[in-house]
Amino acid sequence: MCAARDKKPGFDSEFTGSSLKIKLRGEIDHHSAVAIRSSIDDMIKSKHPSVLVVDMSAVDFMDSSGLGLIMGRYAVMKEIGGELVVCDPSPRTEKIMSLAGMERIVKIKHTSPAQKGSQTARTVTHTQRASATMSTAPSDSNKREQSKKSSGGRTVKRNDTKRGDF
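No experiment lies behind these values; they were computed from the predicted model shown.

Conventions used here
Residues numbered from 1 in each chain as written. Predicted model: local features only at pLDDT ≥ 70, side-chain atom pairs only at ≥ 80, totals over all residues. Heavy atoms only, no water. Helix = DSSP H or I, 4+ residues; strand = E, 2+ residues; numbered from the N terminus. Buried < 20%, exposed > 50% of the residue type's maximum accessible area, 1.4 Å probe, protein only. Contact = heavy atoms within 4.5 Å. Areas by Shrake-Rupley, 256 points an atom, 1.4 Å probe, with all protein chains shown as cover. Pairing = 2+ DSSP bridges. Phe/Tyr/Trp six-rings, centres within 6.5 Å; stacked < 30°, edge-to-face > 60°. Lys NZ or Arg CZ within 6 Å of the ring centre and 35° of its normal. Axes fitted to C-alpha atoms, helices over the stretch in contact; angles between N-to-C directions. Parallel < 35°, antiparallel > 145°, perpendicular 65-115°, else oblique. Left-handed = near helix turned anticlockwise from the far one by under 90°. Expected span 1.5 Å × (residues − 1). Arc of directions from axis to C-beta. Polar contact = N/O pair within 3.5 Å; in protein donor to acceptor, adjacent residues only side chain to side chain.

**Student:** Describe the overall build of the protein chain, naming the residues involved and giving the relevant values.
**Tutor:** Looking only at helices and strands, the protein chain features five helices and five strands. In sequence order, the secondary structure elements of the protein chain are arranged as β-β-α-β-α-β-α-β-α-α. Counting all 166 residues of the protein chain, 32% fall into the buried class. If you take every contact in the protein chain between residues at least 6 apart in sequence, the share linking residues at least 24 apart comes to 63%. Carbon together with sulfur atoms contributes 54% to the accessible area of the protein chain, which is approximately 11300 Å² in total.

**Student:** Describe the pairing of strand 1 (residues 10–16), naming the residues involved and giving the relevant values.
**Tutor:** Direction of pairing for strand 1 relative to strand 2 (residues 19–28): antiparallel, over a ladder of seven bridges. From the neighbouring strand, Phe15 faces strand 2, where its bridge partner is Leu20. Between strand 1 and the antiparallel strand that follows it, strand 2, lie two residues; Gly17 among them carries a positive phi value of about 60 degrees.

**Student:** How would you sum up the packing of aromatic side chains? Please name residues and give values.
**Tutor:** Evaluated as defined, the whole model comprises zero aromatic pairs. When the ring centre of Phe15 is taken as reference, the NZ or CZ atom of Lys47 above it lies at 5.4 Å.

**Student:** Give me the packing of helix 1 (residues 30–47) against helix 2 (residues 64–79): which residues, what numbers.
**Tutor:** Put simply, helix 1 and helix 2 touch, their axes get as near as 9 Å, and they point 15 degrees apart. Considering their axes alone, helix 1 and helix 2 lie roughly parallel with respect to each other. Here the hand of the crossing between helix 1 and helix 2 comes out right-handed. For the pair helix 1 and helix 2, the contacting residues are His30, Ala33, Ile36, Arg37, Ile40, Asp41 and Ile44 in the first and Ser65, Leu69, Arg73, Val76 and Met77 in the second.

**Student:** Just give me the short version of helix 1, but keep the residues and values in it.
**Tutor:** Under the 1.5 Å per step criterion, the end-to-end length of helix 1 is 26 Å for 18 residues, consistent within 8% with the ideal 26 Å. What helix 1 keeps buried is the set Ser32, Ala33, Ile36, Ile40, Asp41, Met43 and Ile44. One side of helix 1 carries all its buried residues, which in axial view fall inside an arc of 160 degrees. Of the residues in helix 1, the exposed ones pointing more than 90 degrees away from the buried face are His31, Ala35, Lys45 and Ser46. If you follow the buried residues of helix 1, they end up packed against strand 1, strand 2, strand 3 (51–62) and helix 2. The N-terminus of helix 1 is capped by Asp29, whose side-chain oxygen sits 3.0 Å from the backbone nitrogen of His31. Of the residues one or two after helix 1, His48 is the one with positive phi, at around 50 degrees.

Written out as structure tokens, the structure is:
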């Protein structure tokens, strides 16, 4: 590949077996997303792939229109019984996707060694935070014990209403 990237928004495509690979490039914003979306949809309708792979390694910038582009293709693929996989988003693009909660819906894969390492580091960090939170949070039985101590050892019944009393 060339060292200099083509900054013009667009994509390249490759159809292999039952897989359609789309390599997005440039800036994916409201100006470029409409044309890209329509072209990809035409390809999906004509080829009927079982897997749509969206390679984002050459995407320099993506806003909410890019998120819509991906989620819309997810819906199209789901409708025809296929799946969508996003590959190699940049750390910035992946952060945008993560903030939108896309990793819970769309598969995100890292195929380049540098990105695999960065995802591992992030995963470890999230795991460490989760285990630290779990170890400091009191269990339900500990909460009951603390409640008994604060009420002089007797069990106190509470009236939990949903009337909106403040």
